[in-house]
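Residues per chain are reported as follows:
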Amino acid sequence: MNKLPVSISPHLHCGRSSRSIMLDVIIALIPAIIASTIIFGFRALMLILVTVAACVLSEYVTRKIFKRPDTIHNLTAVVTGILLALNLPVTLPFWMAALGGAIAIVIVKEFFGGVGQNFVNPAITARIILLMSFASQMSTWQPPFDYRMAAGVDVISSATYFSARQTGQEIPSLMDMFLGIRAGSLGETCVLALLIGGGYLMARKVISPIIPLCFIGTVAILSVLLGGNLLYQIMSGGLLLGAFFMATDYTTSPVTKNGKIIFGIGCGIITILIRFFAALPEGVSYAILLMNILVPHIENLTIPKVFGEEAKAK
């Protein structure tokens, strides 16, 4: 009688590789990349290329030093570089952007074992570190369609929606918010581009709609309850970029349905608490980072009971 081979689970495969999934994410980010290049000029595209190059090179060198297999082909470093750049202002010096890419890959990702081992999102963590280290440069916003910096001319800094609201400056119209004709990070301004990208990821079933809907829905409900403007709160800051592209990261988000609900709602609550009651104008990055840390506890609470398992005695 032939022996039946037994292998480690999972025994079913969806037919998709990490590379194909990351390729879909890159495709979904293309509208935001195009929009940022149109709105902020060619320097936006250069900044994206710098962070991508820094991430890829950092991963290659680190894995060589640690004598680990090369993983550049799976495109995770490319996605990290794009997401990091989309969370940065176009005026940020290139060396700071490259430093952020190295931090994201070396410290946040490779020091914990590489792909699938990091417990927080690399791009978000690198952005927060850059924000704490270079607060002035990370808070200098170029006005839309002002391409003088690419020509080596200093530009007059503008204000985002939240900073404009705090200082009493003129607030962009809802149409300008939707089309991205406003100051902000590269990937957070054009709502239309983010909706196209998020819709593509859900249509391709790369991400589940649970986390984005719970995240955005919680922000919307609490904004109304606290007297905020619903549409401005949804379209401002990094909410849509974070909800579609970073809160849904496979490695740092729950796998269970109930866990995804808790995770999304938690991200929304923390975002609103920071927006309305903290000194910081925006809280999406901090909200996702804090919820990343809580993911193991969320999964322990929401893991389904094994079929046939008896209840443990108290």
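Bear in mind the structure is a predicted one, so any value in this text is a computation, not a measurement.

## Notes on the overall build of the protein
Scanning the protein from N- to C-terminus turns up 14 helices and 0 strands. In the protein, the succession of helices and strands from N to C terminus is α-α-α-α-α-α-α-α-α-α-α-α-α-α. Here the protein holds 314 residues, and the buried ones make up 50% of them. A separation of at least 24 residues holds for 74% of the contacts in the protein among residues at least 6 apart in sequence. About 15,700 Å² of surface is accessible on the protein, with carbon and sulfur atoms providing 68% of the total.

## Structural notes on the nonpolar core
Core analysis: the largest hydrophobic core is formed by 78 residues, its most contacted members being I82, F215 and F245. Ranked by residue count, the leading element in this core is helix 1 (residues 18–40), at 11 residues.

## Section: unusual backbone geometry
With phi around 70 degrees, L75 is a residue other than glycine that occupies positive phi space. Following the sequence through the fold, L75 ends up in the loop between helix 2 (42–65) and helix 3 (76–86). Of note, the phi angle at K205 is positive, near 60 degrees, even though the residue is not glycine. Residue placement: K205 occurs in the loop between helix 9 (191–203) and helix 10 (210–225). K205 gets classed as exposed once you look at its relative accessible area, which sits at 74%.

## With respect to the UniProt feature "transmembrane region" (unreviewed entry) in the protein
Mapped onto the present numbering, the UniProt feature "transmembrane region" (unreviewed entry) falls on residues 21–39, 71–88, 94–112, 119–139, 183–203, 210–228, 234–252 and 261–278. Helix makes up 61% of residues 71–88 and strand 0%. Its end C-alpha atoms lie 25 Å apart. A distance of 23 Å separates the end C-alpha atoms of residues 234–252, which is 53% helix and 0% strand.

## A closer look at helix 2
With 24 residues, helix 2 should cover 34 Å at 1.5 Å per step; its first-to-last C-alpha distance of 35 Å lies within 8% of that length. What helix 2 keeps buried is the set R43, A44, L47, I48, T51, V52, A54, C55, S58, E59, T62 and R63. On its buried face, helix 2 sits against helix 1, helix 3 and helix 4 (94–109). Remark: K67 follows helix 2 within two positions and exhibits a positive phi of approximately 55 degrees.

## Some thoughts on the packing of aromatic side chains
When we look at a pair of aromatic rings, we describe it by the centre distance and by the angle of the planes. Throughout the structure, instances matching the rule amount to 3 aromatic pairs. Where W95 meets F134, the ring centres are 5.5 Å apart and the plane angle is 80 degrees; that geometry is what we call edge-to-face. Linking W95 in helix 4 with F134 in the loop between helix 5 (122–133) and helix 6 (135–138), this pair joins segments that are 39 residues apart in sequence. The class for W95 is exposed, based on a relative accessible area of 53%.

## So, helix 3
Taken across its 11 residues, helix 3 has 11 buried, putting it largely inside the fold. Those residues of helix 3 not exposed but buried are T76, A77, V78, V79, T80, G81, I82, L83, L84, A85 and L86. Residues of helix 3 that are buried in the fold lie against helix 1, helix 2, helix 4, helix 5 and helix 12 (239–246).

## What to know about the packing of helix 4 against helix 5
Helix 5 packs onto helix 4 with a crossing angle of 130 degrees between their chain directions and a minimal axis gap of 8 Å. Accordingly, the angle class assigned to the pair helix 4 and helix 5 is oblique. Relative to helix 5, helix 4 is oriented so that their crossing is right-handed. Contact residues: M96, G100, I103, A104, V108 and K109 in helix 4; P122, A123, T125, A126, I129 and L130 in helix 5. Looking at the contact of helix 4 with helix 5 residue by residue, the classes come out as 9 nonpolar, 2 polar and 1 charged.

## Regarding a nonpolar patch on the surface
Together, L57, Y60, V61, I65, F66, I107, F111, F112, F119, L290 and I293 make up an exposed nonpolar region whose accessible area comes to about 1,000 Å². Every element with two or more residues in the nonpolar patch is listed here: helix 2 and helix 14 (284–302). In terms of residue count, the dominant contributor to the nonpolar patch is helix 2 (4 residues). If you trace the backbone, L57 turns up in helix 2. Overall, the relative accessible area of 54% leaves L57 in the exposed class.

Calculation rules
Residues numbered from 1 in each chain as written. Predicted model: local features only at pLDDT ≥ 70, side-chain atom pairs only at ≥ 80, totals over all residues. Heavy atoms only, no water. Helix = DSSP H or I, 4+ residues; strand = E, 2+ residues; numbered from the N terminus. Buried < 20%, exposed > 50% of the residue type's maximum accessible area, 1.4 Å probe, protein only. Contact = heavy atoms within 4.5 Å. Areas by Shrake-Rupley, 256 points an atom, 1.4 Å probe, with all protein chains shown as cover. Core = buried A, V, L, I, M, F, W, Y, C linked by side-chain atoms within 4.5 Å. UniProt positions renumbered as here; feature names shortened; annotations may be inferred. Expected span 1.5 Å × (residues − 1). Phe/Tyr/Trp six-rings, centres within 6.5 Å; stacked < 30°, edge-to-face > 60°. Axes fitted to C-alpha atoms, helices over the stretch in contact; angles between N-to-C directions. Parallel < 35°, antiparallel > 145°, perpendicular 65-115°, else oblique. Left-handed = near helix turned anticlockwise from the far one by under 90°. Nonpolar A, V, L, I, M, F, W, Y, C, P; charged D, E, K, R; others polar. Patch = residues over 30% accessible without salt bridge, like charges linked within 9 Å, V, L, I, M, F, W, Y side chains within 5 Å. Salt bridge = Lys/Arg side-chain N within 4 Å of Asp/Glu carboxyl O.

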